[in-house]
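Each chain is listed here by its residues.
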Amino acid sequence: MNHRNHTGRTPGLNRHDVQHLLALHGFLNREVALTLNDLPAMHKLRRAHDERVSANLDRAELLDLLEGFVRNGLIKRVGQDRYYCISSKRGAGS
């Protein structure tokens, strides 16, 4: 995902990417999940998941979503660039 985000193009997320991001969202407690539900990226991910298609997010939408996951401890930002990783306790089962 990060490579696509850094190329300057709209980050197209395949169904696998969509499924993983929605699974991460499922790890959030209810109150936090509700705050991220209003993000345009979440609406697009859910619609793509329901329609079983890929999702096209603009760079800002994807970064808003990823930073929301960082703020809530689901993923980590690596280095000064905007590269992200899923913590080991979440990655294997998702």
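Residues numbered from 1 in each chain as written. Predicted model: local features only at pLDDT ≥ 70, side-chain atom pairs only at ≥ 80, totals over all residues. Heavy atoms only, no water.

Undergrad: How should I be thinking about the pattern of salt bridges in this particular structure?
TA: Where side chains of opposite charge bring their charged atoms close, a pairing between them can arise. Going through the model one piece at a time under the given rule, you end up with 2 salt bridges. Measuring nitrogen to oxygen at the nearest pair gives 2.9 Å for the salt bridge that ties E61 to K44. Separated by 17 residues along the polypeptide, E61 in helix α5 (residues 59–71) and K44 in helix α4 (residues 40–51) bring together distant segments of the chain. For K44, a relative accessible area of 26% corresponds to the partly exposed category. A salt bridge links R77 to E67, with the nearest nitrogen and oxygen atoms 2.4 Å apart. Remark: E67 occurs in helix α5 and R77 occurs in strand β3 (residues 75–78); sequence separation between them is 10 residues. Of the residues examined, R77 reaches a relative accessible area of 40% and is grouped as partly exposed. (Salt bridge = Lys/Arg side-chain N within 4 Å of Asp/Glu carboxyl O. Helix = DSSP H or I, 4+ residues; strand = E, 2+ residues; numbered from the N terminus. Buried < 20%, exposed > 50% of the residue type's maximum accessible area, 1.4 Å probe, protein only.)

Undergrad: How do you make sense of the environment of H43 when you look at a structure like this?
TA: Tracing the backbone shows H43 in helix α4. Accessibility expressed as a relative area gives 44% for H43, which makes it partly exposed. Within the local environment of H43, its side chain forms a polar contact with the backbone oxygen of N37, the two atoms lying 3.3 Å apart. (Polar contact = N/O pair within 3.5 Å; in protein donor to acceptor, adjacent residues only side chain to side chain.)

Undergrad: What's the story with the packing of helix α2 (residues 15–26) against α5 in this structure? I'm lost.
TA: How two helices pack is summed up by the angle between their axes together with the distance between the axes. Running from amino to carboxyl end, α2 crosses α5 at an angle of 35°, the nearest separation of the two axes being 11 Å. The hand of the α2/α5 crossing is left-handed. Contacts from L21, L24 and H25 in α2 reach L62, L65, L66 and F69 in α5. When grouped by side-chain class, the residues that make up the contact of α2 with α5 number 6 nonpolar, 1 polar and no charged. (Axes fitted to C-alpha atoms, helices over the stretch in contact; angles between N-to-C directions. Left-handed = near helix turned anticlockwise from the far one by under 90°. Contact = heavy atoms within 4.5 Å. Nonpolar A, V, L, I, M, F, W, Y, C, P; charged D, E, K, R; others polar.)

Undergrad: Would you explain the nonpolar core in this entry?
TA: For soluble globular proteins, the rule of thumb is that nonpolar side chains tend to be buried together. By size, the foremost hydrophobic cluster in this structure holds 25 residues, and its most contacted members are L13, L21, L45, L65, F69 and I75. Looking at this core, the elements that each hand over two or more residues are α2, α3 (30–37), α4 and α5. For this core, the leading source of residues is α5, giving 6 residues. (Core = buried A, V, L, I, M, F, W, Y, C linked by side-chain atoms within 4.5 Å.)

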